[in-house]
Amino acid sequence: MRPGSNDEEWREDCAPRRVLALFATKWTSMILHVLHARHAGAARTGVLHRSLPGISKKMLTQTLREMEDTGLLTRHVESVVPPAVEYRLTPLGTRFVEPVELLYAWARTNPDALDQLAPRPTARRV
């Protein structure tokens, strides 16, 4: 352990671990980004699905439910036939957009660093 480091900083419920757990599913950050950057904070399920190439409907639904449960999104159902469902960023979700956008901006300006990474066996590059 380095001098001055505090064991409390590395507990299982410390802030860095909690934020990483939130983004353990890659689609969480991408949904936050797409809602913010392309849809002004709100979009229907089909629009989100079309905006996220590579996500299955099942994974989209699962991730949206998790994000709703954690308070990042709200789900609004319009009483039309068939029902129209729209997901909206909550104020909390909007707060989490900032670090996501910073990371995505870094990735866009540093593609060479990403290209130097050894490929992960489970990763697909499209």
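All of the points below concern the structure found in this document. Note that the structure is predicted; figures quoted are calculated from it, not measured. (Residues numbered from 1 in each chain as written. Predicted model: local features only at pLDDT ≥ 70, side-chain atom pairs only at ≥ 80, totals over all residues. Heavy atoms only, no water.)

### So, the overall build of the protein chain
What counts, and what does not: Each helix is a run of H or I in the DSSP string that is no shorter than four residues. Each strand is a run of E no shorter than two, and both are numbered from the N terminus. By definition in these notes, contact holds between two residues if any of their heavy atoms fall within 4.5 Å. Areas reported as accessible are Shrake-Rupley estimates using a 1.4 Å probe. Residue values count occlusion only from the protein chains shown. We score Asp and Glu as negative and Lys and Arg as positive, and we do not count His or the chain ends. Taken as the charge location is NZ of Lys, CZ of Arg, CG of Asp or CD of Glu.
Check the secondary structure of the protein chain and you find 6 helices and 3 strands. In the protein chain, the succession of α and β elements from N to C terminus is α-α-β-α-α-β-β-α-α. Projected onto the principal axes, the alpha-carbon positions of the protein chain cover approximately 65 × 35 × 25 Å. For the protein chain, restricting intrachain contacts to residue pairs at least 6 apart in sequence, the fraction spanning at least 24 positions comes to 45%. For the protein chain, the accessible area works out to roughly 9,400 Å², and carbon and sulfur atoms hold 56% of it. Between the mean site of the 18 positive side-chain charges and the mean site of the 14 negative ones, the protein chain shows a separation of 9 Å.

### Thoughts on the nonpolar core
Quick reminder of the rule: What is meant by a nonpolar core is a set of buried Ala, Val, Leu, Ile, Met, Phe, Trp, Tyr and Cys residues, joined one to another through side-chain atoms within 4.5 Å. Only protein chains enter the area calculation, which uses a 1.4 Å probe; residues under 20% of their type maximum are buried, those over 50% are exposed, and those in between are partly exposed.
Of all hydrophobic cores here, the largest spans 20 residues; its most connected members are Ile31, Leu35, Leu48, Leu52, Leu60, Leu64 and Leu73. Those elements that place two or more of their residues in this core are α2 (26-39), α4 (57-70), β3 (84-89) and α5 (91-109). Those residues in contact with leucine 35 that sit more than four places away from it in its chain are Ala40, Gly41, Ala42, Ala43, Leu48, Leu73, Tyr87 and Leu89.

### As for a nonpolar patch on the surface
The cut-off we apply is this: For patch building, the residue pool is restricted to those with more than 30% relative accessible area and no salt bridge; the joining distance is 9 Å between like charges and 5 Å between nonpolar side chains (Val, Leu, Ile, Met, Phe, Trp, Tyr). Salt bridges are identified by distance alone: a Lys or Arg side-chain nitrogen within 4 Å of an Asp or Glu carboxyl oxygen.
A contiguous nonpolar patch, built from Trp106, Leu114 and Leu117 and spanning about 310 Å² of accessible area, is present on the exposed surface. With respect to the helices and strands, tryptophan 106 occurs in helix α5.

### A few points about the packing of α2 against α4
To be explicit about the condition: To define axes, lines are fitted to C-alpha atoms, for helices over the stretch in contact only, and angles between the resulting N-to-C directions are given on a 0 to 180 degree scale. For this classification, under 35 degrees means roughly parallel, over 145 means roughly antiparallel, 65 to 115 means roughly perpendicular, and everything else is oblique. Residues were grouped as follows: Ala, Val, Leu, Ile, Met, Phe, Trp, Tyr, Cys and Pro as nonpolar; Asp, Glu, Lys and Arg as charged; and all remaining residues, including Gly, as polar.
The geometry of α2 relative to α4 is characterised by a closest axis approach of 10 Å and an angle of 80° between their N-to-C directions. When the interaxial angle is binned, α2 and α4 end up roughly perpendicular. Residues Trp27, Thr28, Ile31 and Leu32 of α2 touch α4, and the partners they reach there are Met59, Leu60, Thr63, Leu64 and Met67. The class makeup of the residues in the contact of α2 with α4 is 7 nonpolar, 2 polar and no charged.

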